[in-house]
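Understanding the architecture of this molecule
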Amino acid sequence: MSISSRFAVGIHILTLIEINKTSVISSEFLASSVNTNPAVIRKIMGMLKNAGLINVRPGIAGAQAAKKLSEITLHDVYKAVNVVQEKELFSIHDNPNPDCPVGRNIQDAVLPLFTIAQSAMEKALSHITIDDVVKDIIEKEKNHESIK
């Protein structure tokens, strides 16, 4: 199982809004970049709006970041799009065999490890901003253009 693609799409939306900030960006335009349905984009944009990450107006095309991009972390996006519930990134199988020594103890053995791993990932995401992603994409695009 992987983390919901809403996370990557949320990052994509915020990045594209910044890179095209001189243009009005519709959900159709965003959907064409993500290669998905505009309804999916509108749903994720609603989540980003509810989290205070973007400003949108119903019935009017366009969106903008609600904060400086250097203040929006990947962890903010991760939380905004409900990737996983708190402490539930990793699933533990239900009903292991209580007559087996491993089955009897596996959940208590791995749950703390899963919690540590999820906390580490979330901490790492809190140190990367949308501004970092935008700068990286701009640099990659410069390199792409110089190769042509």
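In what follows, the structure referred to is the one given above.
Report on the accompanying structure. Residues take numbers from 1 onward in each chain, read along the sequence in its written order. Local features in a predicted model are, by the rule used here, given only for residues with pLDDT of at least 70; side-chain atom pairs are given and counted only at 80 or more, and totals for whole chains, interfaces and linings are based on all residues. Only hydrogens and water are set aside; all other atoms, that is, all heavy atoms of the structure, feed into the side-chain values.

The next subject is the packing of helix 1 (residues 6-19) against helix 6 (residues 130-147). Where helix 1 contacts helix 6, the axes come no closer than 10 Å and their chain directions differ by 65 degrees. Between helix 1 and helix 6, the angle falls in the class roughly perpendicular. As for the relative orientation of helix 1 and helix 6, their crossing is right-handed in sense. The segment helix 1 lies against helix 6, with I11, L14, T15, E18 and I19 engaging I130, V133, V134, I137 and I138. Here the axes come from fitting lines to C-alpha atoms, over the contacting stretch only for helices, and the angles between their N-to-C directions go from 0 to 180 degrees. Only DSSP runs of H or I reaching four residues or more are called helices, and only runs of E reaching two or more are called strands; each is numbered from the N terminus. For classification purposes, angles smaller than 35 degrees are called roughly parallel, those larger than 145 roughly antiparallel, those between 65 and 115 roughly perpendicular, and all remaining angles oblique. What makes a crossing left-handed is the near helix being turned counterclockwise from the far one by less than a right angle; a clockwise turn instead makes it right-handed. The contact criterion used throughout is that any non-hydrogen atoms of two residues lie within 4.5 Å.

A word on unusual backbone geometry. In terms of backbone geometry, most residues other than glycine have negative phi values and most peptide bonds are trans. Here the phi dihedral of N35 falls at roughly 70 degrees; this positive angle occurs in a residue that is not glycine. Its location among the elements puts N35 in the loop between helix 2 (27-34) and helix 3 (38-50). Look at N95: it is not a glycine, yet its phi comes out positive at around 60 degrees. Mapped onto the fold, N95 is located in the loop between helix 4 (74-80) and helix 5 (101-125). N95 sits in the exposed class, given a relative accessible area of 73%. For every residue, the accessible area obtained with a 1.4 Å probe (protein chains only) is divided by the maximum for its type, and the residue is called buried under 20%, exposed over 50%, and partly exposed between those limits.

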